[in-house]
Amino acid sequence: MTSAAFISLTETQLSKGDFALISSLSLDPQPLSDGKKKRLQEEVLSVKDSGPTYSKPAPSTGCRFIDNWREWERVLRLNVAKNRAIKKGREDLILVEPPLSPQDAANAAAKAVNRSDSPLDGEMIIDKARWTVIDNLTGINYFHRNNVFAYYLKLLLLERYQAFNTERGFAEYKALYALFIDSSISSQSARISGEPK
């Protein structure tokens, strides 16, 4: 089942309030409505980096499960950004000092950035940590709305996982690498022959 099909199914099964909550749920800790996205894009046309900073927690939704999920994801993203900046020696890029709590989010970020063999391995580490925290946040009441929210988040994670395509990624890498080599050879031959490129 796709996440879109699941949302469609829940429309008739959930209360209007719970349906509004699940409709706003995403893997992004601070999802923007279409109107807010457009205003943000207009405001930051002259700004170099228009991405969210996650400097403040998202406003409360009134649902503990969703609020805890968003805060966990926010802490994860801030710690991933910090660990990447440190690894690249660009500590001047750290705009927001990330919280260390929840600790499992900070640990997952450090492990993904510092101990993974490839970017794909890092993403898999992060998604496994996301899956685990969703299970932990759900609780043991199997007839609670949190299980519906958790199932939806897991569908989003599975769709994200299915989007990873090793063959297509490697083909793209080879094409870019070949383009780089060709431009490098052309540049060298132009210097040798004296022709400007």
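Further up the page is the structure itself.
This section reports on the structure supplied with the text.

Regarding helix 2 (residues 16–24)
Next, step 1: All of the buried residues in helix 2 are D18, F19, L21 and I22. The arc that holds the buried residues of helix 2, viewed along the axis, is 160°, so those residues lie on one side.
Next, step 2: Packed against the buried residues of helix 2 are helix 1 (3–11), helix 4 (64–87) and helix 7 (145–163).

Describing the environment of R115
Next, step 1: Within the element layout of this structure, R115 appears in the loop between helix 5 (103–114) and helix 6 (119–138).
Next, step 2: Between the alpha carbons of R115 and I125 there is a distance of 9.6 Å; along the sequence they are ten residues apart.

A look at the packing of helix 5 against helix 6
Relative orientation and spacing of two packed helices are given, respectively, by the angle between their axes and the distance between those axes.
Next, step 1: Their axes nearest at 8 Å, the elements helix 5 and helix 6 cross at an angle of 165°. Judged on the interaxial angle alone, helix 6 and helix 5 are roughly antiparallel. In the crossing of helix 5 with helix 6, the sense of the turn from one axis to the other is right-handed. Mapping the contact onto sequence places D104, A108, K111 and A112 in helix 5 and G122, I125, I126, A129 and V133 in helix 6.
Next, step 2: Broken down by class, the residue content of the contact of helix 5 with helix 6 amounts to six nonpolar, one polar and two charged.

Let's talk about helix 1
Next, step 1: Listed as buried for helix 1 are S3, F6, I7 and T10. For helix 1, the angular spread of buried residues about the axis comes to 100°, placing them on one side.
Next, step 2: Contact partners of the buried residues in helix 1: helix 2 and helix 7.

As for the pattern of salt bridges
Charged atoms that come close allow side chains of opposite charge to pair.
Next, step 1: As enumerated under the stated definition, the model contains ten salt bridges in all.
Next, step 2: Put simply, K154 and D135 hold a salt bridge, and the shortest N to O gap is 2.3 Å. With K154 in helix 7 and D135 in helix 6, the pair connects residues that are 19 residues apart, well separated along the chain.
Next, step 3: With relative accessibility at 37%, the residue D135 sits in the partly exposed group.
Next, step 4: What emerges from the salt-bridge pattern is a single network uniting E73, R77, R84, E123, D127, R130 and R160.

Conventions used here
Every chain's residues receive numbers from 1 upward, in the order its sequence appears when written. Only residues with pLDDT of at least 70 get local features here, since the model is predicted, and only at 80 or more are side-chain atom pairs given and counted; chain-wide, interface and lining totals rely on the full set of residues. The side-chain figures draw on all heavy atoms in the structure; neither hydrogens nor water molecules are used. The buried label goes to any residue with under 20% of its type's maximum accessible area, the exposed label to any with over 50%, and the partly exposed label to all in between, with areas taken from a 1.4 Å probe on protein chains only. Strands here are runs of E lasting at least two residues and helices are runs of H or I lasting at least four, both read from the DSSP assignment and numbered beginning at the N terminus. Arc, as used here, means the arc of the directions from the helix axis to the C-beta atoms. It only takes one pair of heavy atoms within 4.5 Å for two residues to be counted as in contact. Whenever a helix is involved, its axis is fitted only over the stretch in contact; in every case the axis is a line through C-alpha atoms, and angles between N-to-C directions fall within 0 to 180 degrees. Angles are sorted into four bins: roughly parallel if under 35 degrees, roughly antiparallel if over 145, roughly perpendicular if 65 to 115, and oblique for all others. Helix crossings are classified by the rotation of the near helix relative to the far one: an anticlockwise turn of less than a right angle makes the crossing left-handed, while a clockwise turn makes it right-handed. By the convention adopted, Pro, Cys, Tyr, Trp, Phe, Met, Ile, Leu, Val and Ala count as nonpolar, Lys, Arg, Asp and Glu as charged, and the other residues, Gly among them, as polar. Salt bridge, as used here, is a side-chain nitrogen of Lys or Arg placed within 4 Å of a carboxyl oxygen of Asp or Glu.

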